[in-house]
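# Structure assessment
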Amino acid sequence: MTLYKFLKKQKQNQRKMWAILLDPDKVDLHNFEELLEKINISQPDLLLVGGSFISEQKFHKVVKKLKKKCNLPVVLFPGSPAQVFSKADAILLLNLISGRNPEYLIGKHVEAAPVLYQSGLEIIPTGYLLIENGRSTSVEYISNTKPIPRTKIDIALATALAGEMLGLKMLYLEAGSGAKKPVPLKMISTISKHCRLPIIVGGGIKTKQRMLKAWAAGADLVVVGTAFEEGGFKD
Ligand code: 1GP
C-alpha cells in the first residue's frame, strides 16, 4: 500500500497519527542508537526529515541510517530541491499556497522535477499553508512569503479549498518550527469541516494536550519537531 493510501485509510477510520520531524543538522550521528531508542519509545506513525534551512551535509547519511535501522516510513519534508533523495519512502512535494512567491509555487518544483522523476519516491503533492504564530520563522524568511494572519480563518479556508480544487493531495497547516503559538484550533476545525483532504498540522506543538486538541479539531497528522528534540512533551 502506498503511504498516501495508508494516510487516507487512517483518516477514514478516524485513526489519528503523529510524526516526528528530524532536522538532520541536529542529529548526532555518533549517538544514533540513542536517537533510535527515543523514537522507539515515542512510537510515532512516521518520520519526517528535512527543513527550510539545512546547513550541514548530514542529510543523506541521516536518511540512509533511518531506513536501515528503523521500520517507520521515512518521508522527506524538503526545504529545497537539494533535499530530494531516493533512499526515503516518500516526499511531501510542498506547494506554498499561502505565499505569493512563484519560486515556491512552481519554480523549485521545475528544478526538482527531473530528479524526482528518476527517484522512484512516492510523491505526495501537499498544499503548504504558513500561518502567523507571533514571531517570524525560518520558513517565512527563507521563502520570502508572508504567513496568513491567525485571525483570518476565511482566508485560510479559501486557500485550503483552492489547494484542494487544484488537485493537491494533502494540506499542511504550518505555524513554523519553534512557533510561539500553534495553528489556531478554530482554523483547523473550519478547514477540516470543508475540505476532504488529510490535514497535517505542525509548529509549536509542545504538549500532548495540544496534540489531542489539534486532533479533536480535525488534524489527521500532527508533526512534532522541537518538543522531541528537547526531550519530549512538556506534560
Ligand atoms: C515544522 O511543523 C514542524 O515544520 C514542527 O514544528 O519544531 O515547532 O515542533 P516544531
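Residues numbered from 1 in each chain as written. Predicted model: local features only at pLDDT ≥ 70, side-chain atom pairs only at ≥ 80, totals over all residues. Heavy atoms only, no water.

## Let's talk about the overall build of the protein chain
As a reminder of what qualifies: A helix here means a DSSP run of H or I that spans at least four residues, while a strand means a run of E at least two residues long, and both kinds are numbered starting from the N terminus. Each residue gets one of three labels from its accessible area relative to the maximum for its type: buried under 20%, exposed over 50%, partly exposed in between, using a 1.4 Å probe on protein chains only. Any pair of residues with heavy atoms lying within 4.5 Å of one another is described as a contacting pair. Accessible areas in this description were obtained via Shrake-Rupley with a 1.4 Å probe; residue shielding takes into account the shown protein chains only. The sign given to each residue is positive for Lys and Arg and negative for Asp and Glu; His and the chain ends receive no count. A charged residue contributes its charge at one atom only: NZ of Lys, CZ of Arg, CG of Asp or CD of Glu.
When its secondary structure is counted, the protein chain shows nine helices and eight strands. C-alpha extents for the protein chain along the principal axes are approximately 45 × 45 × 35 Å. Classification of the 235 residues of the protein chain by burial places 53% in the buried group. Within the protein chain, counting contacts between residues at least 6 apart in sequence, those at least 24 apart form 71% of the total. When the accessible surface of the protein chain is summed, it comes to about 11700 Å², and 53% of that surface belongs to carbon and sulfur atoms. Across the protein chain, the centroid of the 33 positively charged side chains sits 5 Å from that of the 21 negatively charged ones.

## Concerning helix α6 (residues 153-165)
Quick note on the threshold: What a helix should span is 1.5 Å times the count of its residues minus one. Taking the helix axis as origin, the arc is that swept by the directions to the C-beta atoms.
For α6, with 13 residues, the first-to-last C-alpha span of 18 Å sits near the 18 Å given by 1.5 Å per residue. If you check which residues of α6 are buried, you get I153, A156, L157, T159, A160, G163 and E164. The arc that holds the buried residues of α6, viewed along the axis, is 165°, so those residues lie on one side. In α6, those exposed residues whose orientation departs by more than 90 degrees from the buried face are D154 and M165. On the buried face of α6, the contacting elements are β5 (122-130), β6 (170-174) and α7 (185-194). Just beyond α6, the residue with positive phi is G167, at close to 100°.

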